[in-house]
Amino acid sequence: MINPSVTLARVRASTPLVHNITNYVAMQTMANVLLAIGASPAMAHAREEAAELARLASALTINIGTPSIDWLSAMGEAAHAANRAGTPWVLDPVAVGATAFRRQAARRLARLRPTVIRGNTSEIIALNAVIDDQSRTTGGGKGVDATDSIEHAEAAAQQLARSTGAIIAVTGPRDLVCDGERIAMIDNGHPLMPRVTALGCALTGVIGAFLGAEVMGTQAAPFEGTVAALAYYGLAGQQAAQQAQGPGSFAVQFLDALAAMDETTLDREARISHRSCKH
Amino acid sequence: MINPSVTLARVRASTPLVHNITNYVAMQTMANVLLAIGASPAMAHAREEAAELARLASALTINIGTPSIDWLSAMGEAAHAANRAGTPWVLDPVAVGATAFRRQAARRLARLRPTVIRGNTSEIIALNAVIDDQSRTTGGGKGVDATDSIEHAEAAAQQLARSTGAIIAVTGPRDLVCDGERIAMIDNGHPLMPRVTALGCALTGVIGAFLGAEVMGTQAAPFEGTVAALAYYGLAGQQAAQQAQGPGSFAVQFLDALAAMDETTLDREARISHRSCKH
Amino acid sequence: MINPSVTLARVRASTPLVHNITNYVAMQTMANVLLAIGASPAMAHAREEAAELARLASALTINIGTPSIDWLSAMGEAAHAANRAGTPWVLDPVAVGATAFRRQAARRLARLRPTVIRGNTSEIIALNAVIDDQSRTTGGGKGVDATDSIEHAEAAAQQLARSTGAIIAVTGPRDLVCDGERIAMIDNGHPLMPRVTALGCALTGVIGAFLGAEVMGTQAAPFEGTVAALAYYGLAGQQAAQQAQGPGSFAVQFLDALAAMDETTLDREARISHRSCKH
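A few points on the structure. Every chain is numbered on its own, with residues counted from 1 as its sequence reads. Starting at A for chains and at 1 for ligands, labels are handed out in the order in which the entities are written. Local features are withheld for residues below a pLDDT of 70 in this predicted model, meaning they are given only at 70 or higher, and side-chain atom pairs are given and counted only at 80 or more; totals for whole chains, interfaces and linings count all residues. Based on all heavy atoms of the structure, the side-chain values leave hydrogens and waters out of the count.

To continue, consider the overall build of chain A. Only DSSP runs of H or I with at least four residues qualify as helices, and only runs of E with at least two residues qualify as strands; both kinds are numbered from the N terminus onward. Helices and strands together make up the secondary structure of chain A, namely 11 helices and 11 strands. Referenced to the eigenvectors of the C-alpha coordinate spread, the extents of chain A come out at roughly 45 × 40 × 35 Å. Out of the 279 residues belonging to chain A, those deemed buried represent 66%. Whether two residues touch is decided by their heavy atoms; if any such pair falls within 4.5 Å, the residues are in contact. In chain A, of all internal contacts separated by at least 6 residues, the share reaching a separation of at least 24 is 73%. Surface accessibility in these figures is a Shrake-Rupley result with a 1.4 Å probe; residues are shielded only by whichever protein chains are displayed. Roughly 9400 Å² of accessible area belongs to chain A as shown, and the carbon and sulfur atoms make up 48% of that amount. Within chain A, the 24 negative side-chain charges are centred at a point lying 5 Å from the centre of the 22 positive side-chain charges. Each residue is placed in one exposure class: buried if its accessible area under a 1.4 Å probe, protein chains only, is under 20% of its type's maximum, exposed if it is over 50%, and partly exposed if it falls in between. Positive charge is attributed to Lys and Arg, negative charge to Asp and Glu, and no charge count is given to His or to the chain ends. Taken as the charge location is NZ of Lys, CZ of Arg, CG of Asp or CD of Glu.

What follows is the structure, encoded as structure tokens:
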């Protein structure tokens, strides 16, 4: 039984600094989402300071949405620094199935022991295929948008959790979190969410904040923290949709809903179910 | 006679993947605009993957708003790849008149056979002067904002269409589309549109989506597709302005209006007129 | 006695071109803020054109929020070009206390005679320590957010004004402007402002526009222009908050409020007080 409000309250109380090396499209939205939830965002990508910031931060997130050689190098250094400092970090393998460059980048990063890997169904299927040394992805995503079902992604998530040691968060109409043994399904969310760019990327930052929030020296367990972040995020989407007229007003209402989320309502409306992995 | 709703319906039915190498300021807005119209945006700029993505995509757009040597190199590779694959592509020569660096960049790209070139009056006049090997632009734009009239731009658009083989879209209070023989004028739009950054850049993406939308193996003709995109975009601006209190709320309403556009209303309210080139 | 509306009216009448080399997170918001106030924003960072643009512009702003070696090089060239052209320029030393890379970058830029340096309390304290050759900052900011009081920052602002020759603008719940002799305090603003990313960075652009606005060949004096910018910006925040439900809707209302600001109201509601430096 997970009460997501417990972790949200930790974030609000401790204002975790989340260092993000993310794509250009998502930076502003991600920063606004992190401010709305009560965290403190830092975006920085230079090799000269990536490791230093990763050590300062309570969590690190790495997103390959607009990759380049220089940035990938900084991502590697930051991940190593986070590991050395015991800082949790989250990998977001955007559109990993689209190009050879992304497959190679994601393979390297996934081997650097991320705490959590978050992607849509097509990304998780593609990343699992890459790690599994299949020469071509079997996922259907041609770009950044998902075209595979959550059922199709479940086996990939389980295999990827076991091969990387990471908790895998597959997000979409239904979210799935898997640590290789346990599975949680989260049924919050709204169809307008994928109509706004970067909400998936920004969710990666929220997971980072939930992993990094620390109260009296203790952090949330990563599996529970990830599940809590997804339920909170999805419920804010449901609340925002009640007043939205389309994707523009939805994006505005969503930030307001994240900031205004009542903790009692969150625990009552979170739709989380648990079971063991099938295989 | 152009019914813009026909092309909009194609976009909504086929969800074209539009690959954009655009400027940092515009990326988020452009992605949100493309999602709002029913397309699938992909932003990526690395040389290592530019050609691969340009081949995957239904259309490519290239925008020199925040240019650098590395990005220009990727733009060239992507344009070549699009040409080889028969993928339509759109050039947006932002502030081409402002610096020697931009004039050189735009000259090279304009020679790579873009399907459409979109700019404001000052940009089209400046680009035509650059292609015409005039040493200095005669346009008045000092930055990214236009300071020339559409009448002044018409001769430049016609000459540029003939010298590059591209369809030229000049956007402003009145829009003009010219393929060297025909001219269409579009009188939709609203004065709040240039008060929001990146709406011109994002329009370049919408033209890309309209060129790339494919239904049952057929694409819209580029001239008609471009005209349809401008009428749709301008009408959404008119609708958004009805509820806006200023540029902030206008930007929000505009995304909602793009997503909600009724196809019958579009055909009824589109103000498109046609004639031949004068010379 | 400063009437902020005088400088706002200059901006609206002269549409100053403001060249910004700023961070990726802030670019879009900064451009929208500058358009809302009636200025013309230009974002560009390439060394190949930085100096040319800095000469074309009425003002230059430099922000180290997402620094890299290449961009810092262009910042230096642009600052030199602005100085040679007599163009005012504003330095925004984002998170200068966080890493050695930022301390070094900010030290170099602060020595290039910026007209104004704007930061939050922690940034001004950290930058002063850097310039003062203290090996470690004494400020408390761990990231981009401020953790020091305005009283703590006052002595640092005064020392920094004297060592750099710049006017120092310290922004937060209370703003302070110091030129080494005089101090102005501005008590406009609202607690939602730091809950929206990049509003501090965008304010740096507004200061640039207020410094660069020229009517009949005369510019506002930099001290008075800076104070006017802060009062205007803070009052727009107060007005926006009246209708906002949270940080998302606040950001939208804020752009509307900047654009709609009535000049008489501005002079009536501006809360500006003056005194001499204490030491």
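Now that the structure has been shown, the text picks up again.
On to the relation of the copies chain A and chain C. Relating one copy of the chain to the other takes a rotation about an axis and a shift parallel to that axis. Note on the identical chains: chain A maps onto chain C by a rotation of 120° and an axial translation of 0.0 Å, with an RMSD of 0.0 Å. What the rotation and shift describe, once combined, is the action of a three-fold rotation axis. The rotation axis passes nearest to the C-alpha of Y24(A) in chain A, at a distance of 3.9 Å. The share of interface residues of chain A whose copies in chain C are also at the interface is only 12%, consistent with the copies meeting through different surfaces. Least-squares superposition of the copies uses the C-alpha atoms of those residues scoring a pLDDT of at least 70 in each of them.

What follows is about the nonpolar core. For this analysis, a nonpolar core means a set of buried residues of the types Ala, Val, Leu, Ile, Met, Phe, Trp, Tyr and Cys, connected via side-chain atoms within 4.5 Å. With 302 residues, the main nonpolar core has I37(A), I37(B) and I37(C) as its most contacted residues. Residues contacting I37(A), with those up to four places away along its chain left out, are L8(A), V11(A), R12(A), V206(A), A209(A), F210(A), Y232(A) and L258(A).

Bringing the environment of A146(A) into the picture now. Residue and element names in this part refer to chain A. In this fold, A146 is placed in the loop between α6 (121-131) and α7 (150-164). Residue classification places A146 among the partly exposed positions, given a relative accessible area of 42%. Counting along the chain gives 25 residues from A146 to T171, while the straight-line C-alpha distance between them is 9.6 Å.

Positive phi, normally seen in glycine, also occurs at A198(A), with a value near 75°. Within the element layout of this structure, A198(A) appears in the loop between β8 (182-186) and α8 (199-212). The phi dihedral of R113(B) is positive, around 55°, even though this residue is not glycine. Turning to its location among the elements, R113(B) is positioned in the loop between α5 (100-110) and β5 (116-120).

Right, let's talk about the sheet that holds strand β6 (residues 167-171) of chain C for a bit. All names here are of chain C. Strand pairing is defined by DSSP finding a minimum of two bridges between the two strands. In spatial order, the strands read β2-β1-β3-β4-β5-β6-β7-β8-β11; together these 9 strands make up an open sheet with mixed pairing. For this open sheet the edge positions go to β2 (40-43) and β11 (272-276), each flanked by a neighbour on one side alone. Each neighbouring strand pair of the sheet contributes to a mean axis angle of 20°, computed without reference to strand direction. As paired strands, strand β5 (residues 116-120) and β6 are joined by 5 bridges and run parallel to one another. Its bridge partner being in β6, V116 is matched across the sheet by I167. Each axis is a line fitted through C-alpha atoms, taken for helices only over the stretch in contact, and angles between the N-to-C directions span 0 to 180 degrees.

Bringing the environment of E224(A) into the picture now. Topologically, E224(A) is positioned in helix α9 (residues 222-241). For E224(A), the contacting residues outside a window of four places in its chain are I2(A) and R182(A).

Now for the interface of chain A and chain C. In this complex, chain A contributes 26 residues to the contact, which on the side of chain C involves 29 residues. Carbon and sulfur atoms make up 58% of the area that chain A and chain C hide from each other, which totals about 2200 Å². By definition, a salt bridge exists where a carboxyl oxygen of Asp or Glu is found within 4 Å of a side-chain nitrogen of Lys or Arg. On the surface where chain A and chain C come into contact, there are 1 salt bridge. Note that E49(A) is salt-bridged to R102(C), the shortest N-O span being 2.7 Å. Each polar contact in these results corresponds to two N or O atoms within 3.5 Å; when the atoms are within protein, one needs to be able to donate a hydrogen and the other to accept it, and residues that are neighboring in sequence are counted only if both atoms are side-chain atoms. If you look at where chain A meets chain C, you find 11 residue pairs in polar contact (both at pLDDT 80 or more). Residue classes follow a fixed rule: Ala, Val, Leu, Ile, Met, Phe, Trp, Tyr, Cys and Pro count as nonpolar, while Asp, Glu, Lys and Arg count as charged, and any other residue, Gly among them, counts as polar. Looking at the side of chain A that touches chain C residue by residue, the class counts come to 16 nonpolar, 6 polar and 4 charged. Put simply, buried area is the surface a 1.4 Å probe can reach on two separate parts but cannot reach once they are joined, added for both.

Note on ring pairs: Phe, Tyr and Trp rings are taken, using the six-membered ring of Trp, and paired if centres are within 6.5 Å. Classes follow the plane angle, with under 30 degrees stacked, over 60 edge-to-face and the rest tilted. Scanning all chains against the criterion turns up 18 aromatic pairs over all chains. The interplanar angle of 55° and the centroid separation of 5.8 Å between the aromatic rings of Y24(A) and W71(B) together place this pair among those described as tilted. Remark: W71(B) occurs in helix α4 (residues 69-85) and Y24(A) occurs in the loop between β1 (17-21) and α2 (27-37); the pair is interchain, linking two chains. Judged on exposure class, the residue Y24(A) and its partner W71(B) are both buried. Connected via pairs of aromatic rings, a cluster forms that spans Y24(A), W71(A), Y24(B), W71(B), Y24(C) and W71(C).

Turning our eyes to something else, we now look at the pairing of strand β7 (residues 175-178) of chain A. All names here are of chain A. Of the two faces of β7, the one lined by D175 and V177 and the one lined by L176 and C178 are each fully buried. Taken together, the 3 bridges between strand β6 (residues 167-171) and β7 define a ladder with antiparallel strand orientation. Paired with A169 across the bridge in β7 is V177. As consecutive antiparallel partners, β6 and β7 are separated by 3 residues.

Glancing now at helix α3 (residues 47-56) of chain A. Looking at α3(A), one finds that the buried residues are E49(A), A50(A), A51(A), L53(A) and A54(A). The secondary structure elements touched by the buried residues of α3(A) are β1, β3 (59-63) and α4 (69-85) of chain A together with α5 (100-110) of chain C.

Residue and element names in this part refer to chain B. The sheet built from 9 strands is open, its strands ordered β2-β1-β3-β4-β5-β6-β7-β8-β11 with mixed pairing. Where the open sheet ends on each side, the last strands, each with one partner, are β2 (40-43) and β11 (272-276). Mean inter-strand twist for the sheet, computed between neighbouring axes without regard to direction, equals 20°. Sheet topology note: the strand β7 (residues 175-178)/strand β8 (residues 182-186) ladder contains 4 bridges and is antiparallel. Bridge assignment links C178 to a residue of β8, and that residue is I183. With respect to the sheet, α5 is in contact with β3 (59-63), β4 (89-92) and β5, its orientation differing from that of β4 by roughly 160°.

Moving on, we get to the interface of chain A and chain B. Of the residues lining the interface, 29 residues belong to chain A; the matching set on chain B comes to 26 residues. Counting each side, the surface lost to burial between chain A and chain B is near 2200 Å², with a carbon and sulfur contribution of 57%. One can count 1 salt bridge joining chain A with chain B. The interface formed by chain A and chain B holds 11 residue pairs in polar contact (both at pLDDT 80 or more) in total. Elements with a minimum of two residues in the side of chain A that touches chain B: α2, α5 (100-110) and α10 (247-260) of chain A. In the side of chain A that touches chain B, the residues fall into 12 nonpolar, 12 polar and 5 charged.

Another point: the packing of helix α6 (residues 121-131) of chain C against helix α7 (residues 150-164) of chain C. All names here are of chain C. Running from N to C, α6 and α7 point in directions that differ by 45°, and their axes come no closer than 8 Å. In terms of their interaxial angle, α6 and α7 are classed as oblique. In the crossing of α6 with α7, the sense of the turn from one axis to the other is left-handed. Facing T121, I124, I125, L127, N128 and I131 of α6, the residues of α7 in contact are I150, H152, A153, A156, A157, Q159, L160 and S163. An angle counts as roughly parallel when it lies under 35 degrees, as roughly antiparallel when it exceeds 145, as roughly perpendicular when it falls between 65 and 115, and as oblique in every other case. With the far helix as reference, a near helix turned anticlockwise by less than a right angle produces a left-handed crossing, and one turned clockwise produces a right-handed crossing.

These results come straight from atomic positions and should not be treated as a statement about function.
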